[in-house]
Amino acid sequence: MTVDPAALQRQVSAPVVHRETCPSTNDIARAEARAGATDGTFVIADEQTAGRGRTGNAWASPPGGVWSSTVVRADIAASHVGRLTLAGGLAAADTAASFGVDARLKWPNDVVVAAADGGDQSKLCGVLTEAVIDEVPVAGKPVGSVLPETDPANADMSFAVLGVGVNAALDPDSLGDLDRAVTTLRAERGAVDPTAVAATLHEHLRTWVSRVQTAGGMDDAVAAVRERSATLGKRVRVTRFDDDPVTGTAVAIDDRGALVVERPDGARVHVTEGVCQRLRRA
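Residues numbered from 1 in each chain as written. Predicted model: local features only at pLDDT ≥ 70, side-chain atom pairs only at ≥ 80, totals over all residues. Heavy atoms only, no water.

Caption draft 1: Highlighting empty space enclosed by the protein. One pass over the full model with this rule turns up 3 cavities of 30 Å³ or more. By volume, the largest cavity amounts to about 110 Å³. Going through the elements one at a time, α3 (82-98) and β4 (104-106) are the ones with two or more residues in the lining of the largest cavity. Element by element, the count of residues in the lining of the largest cavity is highest for α3, at 4 residues. By volume, the second largest cavity amounts to about 40 Å³. Along the walls of the second largest cavity sit K106, Q121, A230, T231, K234, V236, C276, Q277 and R278, which together make up its complete lining. At 3 residues, strand β13 (residues 275-278) tops the list of elements feeding residues into the lining of the second largest cavity. Each residue belonging to the lining of the second largest cavity can be placed in one class, and the counts come to 3 nonpolar, 3 polar and 3 charged. (1 Å grid on protein atoms, 1.4 Å probe; cavity = no way out; pocket = protein on both sides within 12 Å on 5 of 7 lines; lining within 4 Å. Points joined across faces, edges and corners; volume = space filled by probe spheres on them. Helix = DSSP H or I, 4+ residues; strand = E, 2+ residues; numbered from the N terminus. Nonpolar A, V, L, I, M, F, W, Y, C, P; charged D, E, K, R; others polar.)

So, in structure tokens, the structure goes:
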């Protein structure tokens, strides 16, 4: 079962752009935005042939999932684009909850479901925020590392594309041979309608994107992330793009959404980007 675009358009108060197949919905959404697509334009595909995560790793996207990207024209500085990733994760977690799945947020951009026995977490959703800053796409890395002459505090964010993939009406084994555990809404709760999942996701996305653009709404988002975190209290290693890895215990999420890692020597590091790996207790 795949998304019914006509039915989805009736449920979504923004333009819907549907593709049966495409390399990446983020690429389509970026092109739509450059052509003048309005805020909230929702790009959705039955299948992606080159879906990707924030570090460029492949994201399996067969029919049955909800593979989407939303055009965001946000009133925030380029230095605050991480707020949109928080919004995407919360929207995906809210969507999972709407279908009876208790999903948690693995910093910075994964939505996971814990095993009943407390074992490994299984990935349910992923979020990829791609800002277009001074007309250059910046995905998953600090602005300064992609545009070294650009001050993020003063950069012009033309728009952003918020990609969210939800493993919905399909079985985990259809996602291929992956290097980590995965799950789906179907595996967790039985049959789901991907059109209903997509409409619910879009509604929650619009709500959280609007909220994180204000100081009070951002405070609410950070509080919600802390409450739903699958990372806090865990021993982790965060591999950063432009600095040494940080290993220690994830002890807090600060008011900007950064992960606070306490090293074995007691020093605390505020990590704003990177790949977070959960470590076994020594």
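Next comes the rest of the write-up.
Caption draft 2: Broad picture of the pattern of salt bridges. Counting across every chain of the model gives 11 salt bridges. Across the salt bridge formed by R226 and D255, the nearest N and O atoms sit 3.1 Å from each other. Remark: D255 occurs in the loop between β10 (246-253) and β11 (259-262) and R226 occurs in helix α7 (residues 215-228); sequence separation between them is 29 residues. Here R226 falls in the partly exposed class, since its relative accessible area comes to 35%. (Salt bridge = Lys/Arg side-chain N within 4 Å of Asp/Glu carboxyl O. Buried < 20%, exposed > 50% of the residue type's maximum accessible area, 1.4 Å probe, protein only.)

Caption draft 3: Up close: the nonpolar core. Counting 64 residues, the largest nonpolar core has L8, M157, V166 and L185 as its most contacted members. The element contributing the most residues to this core is α3, with 8 residues. Setting aside chain neighbours within four positions, we find L8 in contact with V3, V16, F42, I44, T195, A198 and A199. Residues V17, I28, V71 and V161 belong to the second largest nonpolar core, which totals 12 residues. (Core = buried A, V, L, I, M, F, W, Y, C linked by side-chain atoms within 4.5 Å. Contact = heavy atoms within 4.5 Å.)

Caption draft 4: Spatial organisation of the confidence of the model for the protein. Looking at the protein, the pLDDT average stands at 87 and 86% of residues meet or exceed 70. This model gives residues 141-150 a pLDDT under 50, and the stretch forms 19 contacts once residues within four places in sequence are excluded. (pLDDT = per-residue confidence, 0-100.)

Caption draft 5: Layout of the packing of α3 against helix α6 (residues 194-211). In contact at an axis separation of 8 Å, α3 and α6 are set at 140 degrees when each is read in the N-to-C sense. When the axes of α3 and α6 are compared, the pair comes out oblique. The hand of the α3/α6 crossing is right-handed. Here α3 contributes L84, A87, G88, L90, A91, A92, D94, T95 and S98 to the contact with α6, which in turn contributes V197, T200, L201, H204, L205, W208 and V209. Classifying every residue of the contact of α3 with α6 by side-chain character gives 10 nonpolar, 5 polar and 1 charged. (Axes fitted to C-alpha atoms, helices over the stretch in contact; angles between N-to-C directions. Parallel < 35°, antiparallel > 145°, perpendicular 65-115°, else oblique. Left-handed = near helix turned anticlockwise from the far one by under 90°.)

Caption draft 6: Just unusual backbone geometry, in detail. For the bond running from W107 to P108, omega is 5 degrees, close enough to zero to count as cis. Mapping P108 onto the fold places it in the loop between β4 and β5 (110-114).

Caption draft 7: Examining the side chain of T41 more closely. Checked against the element boundaries, T41 lands in the loop between α2 (25-34) and β2 (42-48). On the basis of relative accessibility, which here comes to 2%, the residue T41 falls in the buried class.

Caption draft 8: How the structure looks around the side chain of R30. Residue placement: R30 occurs in helix α2. A distance of 3.3 Å separates polar atoms of two side chains, one belonging to R30 and the other to D27. (Polar contact = N/O pair within 3.5 Å; in protein donor to acceptor, adjacent residues only side chain to side chain.)

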